[in-house]
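# Coordinates in review
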Amino acid sequence: MKVKMPGGKDLTWEESLVLFTKESSEHLDAQDDLNREKTFYSNTIQAVNEGVRLLLKNKISFRRPTDYFAEMLKSDEQMKKVKGALLKQKEDIESAEERRRRRDQKKFGKKIEAAKRVEKVKQKSDNQKKIKKWSEDTSLGYDDFPVLAGEEKEENKNSKKRKLEQGKEQQVSKKRQAKNEKFKTPGKRRGDKRNTSESAADFSSFSVRRNKTIDPDLRKKMGANKKKAPAKRPGKNIRKNGGGKRK
């Protein structure tokens with residue numbers, strides 16, 4: 001396959017890599033975008049298939065090697081600038097969202113505060129009406145004084161506090177339990193420290209070191225006849241002066 005170039009010189013396909021399609025695009029309507037793009041797409045597919053066939057026929061390698069690294073169009077410095085710009089844009093968006101969230105919270109807080117003020121004024125007027133009604137009715141005494149609106153919430157808080165304190169009292173710590181076991185709780189305590197035959201024969205808590213004047217026979221019986229500990233080695237100065245020589 002040869003291609004005729006201007007000037008009368010013929011080139012082989014390997015030198016020119018020129019491809020022609022069967023369908024021409026000269027008769028297409030320039031205003032018909034869909035039909036025009038469809039024709040371009042089909043012509044491109046035909047040219048690619050024909051080119052691959054010719055490359056394989058002429059044994060020309062066209063696939064990229066696995067160890068091929070293409071040079072980037074942009075340098076590393078330029079890519080760092082692009083990355084920095086993207087990070088800055090992200091931070092600006094996050095800061096704008098944070099400011100908007102704070103504004104919304106501030107508006108919401110103002111609404112809650114205004115609602116509380118309205119509720120407080122309403123409670124005050126209701127309490128005044130209750131007190132006025134109680135003072136005008138001569139049949140009611142001090143025991144019939146009405147429960148005001150603010151006192152109900154305070155009473156509920158106090159009841160919750162008392163329940164929490166009762167729960168804490170029920171949960172006794174291990175340290176408290178040990179002290180209660182040691183010093184006993186109030187109740188019958190007569191005879192707690194009186195000896196019995198079992199406690200009198202029990203020598204587990206007896207200390208031989210604190211009772212050195214014990215009878216030798218009893219010491220042997222209790223297993224207190226241990227070997228005497230060896231004498232400590234004299235100090236360096238004493239040994240240097242000859243005071244620590246063995247005779």
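### Notes on the overall build of the chain
- Each helix and strand counted, the chain has eight helices and two strands in total.
- Starting at the N terminus, the α and β elements of the chain follow one another as β-β-α-α-α-α-α-α-α-α.
- Residue burial in the chain is summarised as follows: out of 247 residues, 7% are buried.
- Taking all contacts inside the chain whose residues are at least 6 apart in sequence as the whole, residues at least 24 apart take part in 24%.
- As presented, the chain carries roughly 24,700 Å² of accessible surface, and 52% of it is formed by carbon and sulfur atoms.

### A few points about a positive patch on the surface
- The grouping of R99, R103, K107 and K111 at the surface amounts to a positive patch.
- Within the secondary structure layout, K111 lies in helix α3 (residues 76-136).

### Comments concerning the side chain of T39
- Mapped onto the secondary structure, T39 falls in helix α2 (residues 33-57).
- Overall, T39 belongs to the buried group, its relative accessible area being 4%.
- Not counting chain neighbours up to four residues away, the residues in contact with T39 comprise E23 and L28.

### Brief notes about the pattern of salt bridges
- Enumeration over the complete set of coordinates arrives at eight salt bridges.
- With a closest N to O distance of 2.5 Å, E50 and R53 form a salt bridge. Placement of the pair is E50 and R53 together in helix α2, with a separation of three residues, close to one helical turn.
- Assessed through its relative accessible area of 43%, R53 is described here as partly exposed.
- Between R100 and D104 there is a salt bridge; the shortest N-O distance is 3.8 Å. Taken together, the residues span about one helical turn, with R100 and D104 both in helix α3 at a distance of four residues.
- Overall, the relative accessible area of 39% leaves D104 in the partly exposed class.
- In the salt-bridge network here, residues are joined through shared partners; they are D33, R36 and E37.

### Structural notes on the environment of E198
- Positionally, E198 belongs in helix α6 (residues 197-200).
- A distance of 3.1 Å separates the side chain of E198 from the side chain of S197, its partner in a polar contact.

### Some thoughts on a nonpolar patch on the surface
- On the surface, V48, V52, L56 and F62 cluster together to form a nonpolar patch covering roughly 330 Å² of accessible area.
- Take V48: it is sitting in helix α2.
- V48 gets classed as partly exposed once you look at its relative accessible area, which sits at 48%.

### Topic: unusual backbone geometry
- One non-glycine residue, L17, lies in positive phi territory at about 55°.
- Here L17 is to be found in the loop between α1 (13-16) and α2.
- Non-glycine residue K59 carries a positive phi angle of around 55°.
- Mapped onto the secondary structure, K59 falls in the loop between α2 and α3.

### Description of the confidence of the model for the chain
- Summarising the model, the chain shows a mean pLDDT of 77, and 71% of its residues fall at 70 or more.
- The weakest mean pLDDT in the chain belongs to strand β1 (residues 2-4) at 58; the strongest belongs to α2 at 89.

Rules of the game
Residues numbered from 1 in each chain as written. Predicted model: local features only at pLDDT ≥ 70, side-chain atom pairs only at ≥ 80, totals over all residues. Heavy atoms only, no water. Helix = DSSP H or I, 4+ residues; strand = E, 2+ residues; numbered from the N terminus. Buried < 20%, exposed > 50% of the residue type's maximum accessible area, 1.4 Å probe, protein only. Contact = heavy atoms within 4.5 Å. Areas by Shrake-Rupley, 256 points an atom, 1.4 Å probe, with all protein chains shown as cover. Patch = residues over 30% accessible without salt bridge, like charges linked within 9 Å, V, L, I, M, F, W, Y side chains within 5 Å. Salt bridge = Lys/Arg side-chain N within 4 Å of Asp/Glu carboxyl O. Lys, Arg positive; Asp, Glu negative; His and termini not counted. Charge placed at Lys NZ, Arg CZ, Asp CG, Glu CD. Polar contact = N/O pair within 3.5 Å; in protein donor to acceptor, adjacent residues only side chain to side chain. pLDDT = per-residue confidence, 0-100.

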